[in-house]
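Given next are the chains, with one letter for each unit.
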Amino acid sequence: MESVDFHTARALLEWQIELGADECISDTPVDRYALPDRLTKPKKPDAKPHLTKGPVKMEARDPLAEAQKIANGADTLEALRVAMEAFDLCDLKRGARNMVFSGGIAGAPVMIVGETPDRDEDRSGKPFVGAPGHLLDRMFGAIDMGRENAEAPIYITNTLPWRPPHNRDPKPEEIAMMKPFLLRHIELADPKVVVIMGNWACQALMSKRGITRLRGEWTTVAGKPALPMCHPAYLLRNPAAKREAWADLLSLKAAIDK
Ligand code: URA
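Thresholds, definitions, all that
Residues numbered from 1 in each chain as written. Predicted model: local features only at pLDDT ≥ 70, side-chain atom pairs only at ≥ 80, totals over all residues. Heavy atoms only, no water. Buried < 20%, exposed > 50% of the residue type's maximum accessible area, 1.4 Å probe, protein only. Helix = DSSP H or I, 4+ residues; strand = E, 2+ residues; numbered from the N terminus. Pairing = 2+ DSSP bridges. Contact = heavy atoms within 4.5 Å. Axes fitted to C-alpha atoms, helices over the stretch in contact; angles between N-to-C directions. Near = heavy atom within 4 Å. Polar contact = N/O pair within 3.5 Å; in protein donor to acceptor, adjacent residues only side chain to side chain. Areas by Shrake-Rupley, 256 points an atom, 1.4 Å probe, with all protein chains shown as cover. Nonpolar A, V, L, I, M, F, W, Y, C, P; charged D, E, K, R; others polar. Salt bridge = Lys/Arg side-chain N within 4 Å of Asp/Glu carboxyl O. Expected span 1.5 Å × (residues − 1). Arc of directions from axis to C-beta.

**Notes on the pairing of strand β4 (residues 110-114)**
Of all five residues that make up β4, five are buried, and the element is covered over most of its length. Neither face of β4 is open: one carries V110, I112 and G114, the other M111 and V113, and all of them are buried. The pairing of β4 with strand β5 (residues 154-158) spans five bridges and is parallel. Note on β5: the bridge partner recorded for G114 is N158. Both β4 and strand β6 (residues 193-197) contribute to a ladder of four bridges, which runs parallel. Considered in β6, the bridge of V110 is made with V193.

Below, the structure written as structure tokens:
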């Protein structure tokens, strides 16, 4: 194939990204022009991804136990962020561009736990920056709170810090593996109340699904009063549910002002 210079190659790649081809579907590139005898056999994926080779025997790693130990060892939010960046047992990390740790102001009285980063969040490394994020800002703005409002701030994180490929649903084992980090995050951020935003956050923090049934009913997570609410992405698809979301925001505001 004719070779192209760096700038042309980059422009071609950017063009593909513009068209929406922004994810790899395979770990290794496939040269579709290669003649059959030049084709190299793809490497077989390791059937046991979490085995560590020790001097004598192969030792199985327990992702949950490791996550728990690492999360408990973090004494500050920054230490937790660094520990999560280094945690390599969750496969989602490999497909993500950036880890999304948090947004808003740490120490805020309200901590929102969203679901998973989407394309915009994966690119920017910040939570809720796409269309649902804009609605989230408008919702909290309506009760005079905001992620950049120093007087009445909010703090935001997600159930999972890495975007699942093609925005697929998170797997139960991924949620379970990252839960110790989420609980430690809540402990360290120490908000007055937690907002459990959407079904996957409910799954992680309440071991339940069914946000449209659970919303509006105060509960306790990590020792904090917590309010399940519908996710802004759901509200964008179901505008009629905004009336209930408004009731939940008023309930939240009353709890903060108490
Ligand atoms: N949805 C979420 O739950 N979190 C984000 O960061 C973005 C979209």
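That shown, we press on.
**Side note on the sheet that holds β4**
Pairing within the open sheet is mixed, and its six strands lie in the order β3-β5-β4-β6-β8-β7. Whereas interior strands pair on both sides, the edge strands pair on one side only; in this sheet they are β3 (103-104) and β7 (219-221). Two elements, β7 and strand β8 (residues 224-229), share three bridges in a ladder whose sense is antiparallel. By the bridge assignment for β8, V221 is matched with K224. The strands that helix α11 (residues 242-257) touches are β4, β6 and β8; relative to β8, the one it contacts most, it runs at about 165°.

**Quick notes on the site of the ligand**
As a matter of local geometry, the ligand sits amid G114, E115, T116, E121, P127, F128, N158 and H231. T116 places a main-chain nitrogen or oxygen 3.4 Å from a nitrogen atom of the ligand. Contact distances for the ligand include 2.9 Å between an oxygen atom and a backbone N or O atom of F128. Computed on the free molecule, the ligand has an accessible area of 240 Å², of which 96% lies beneath the protein chains in the complex. Across the shell around the ligand, the residue classes break down as two nonpolar, four polar and two charged.

**As for the pattern of salt bridges**
Across all of its chains, the model carries 13 salt bridges by this definition. The residue R81 makes a salt bridge to E85 at a minimum N-O spacing of 3.7 Å. Separated by four residues within a single helix, R81 and E85 lie in helix α3 (residues 77-86), roughly one turn from each other. Note that R215 and E244 form a salt bridge whose closest N and O atoms lie 4.0 Å from each other.

**A closer look at α11**
An α-helical segment advances 3.6 residues per turn. Residues three or four places apart therefore align on the same side. Here α11 spans 22 Å end to end across 16 residues, near enough to the 22 Å set by a 1.5 Å rise per residue. Along α11, the residues that are buried comprise A245, D248, L249, L252, A255 and I256. Along the axis of α11, the buried residues cluster in a sector spanning 120°; they form a single face. Exposed residues pointing more than 90 degrees away from the buried face of α11 are listed as R243 and D257. Buried positions along α11 lie against β4, α6 (131-141), β6, β8 and α10 (232-237).

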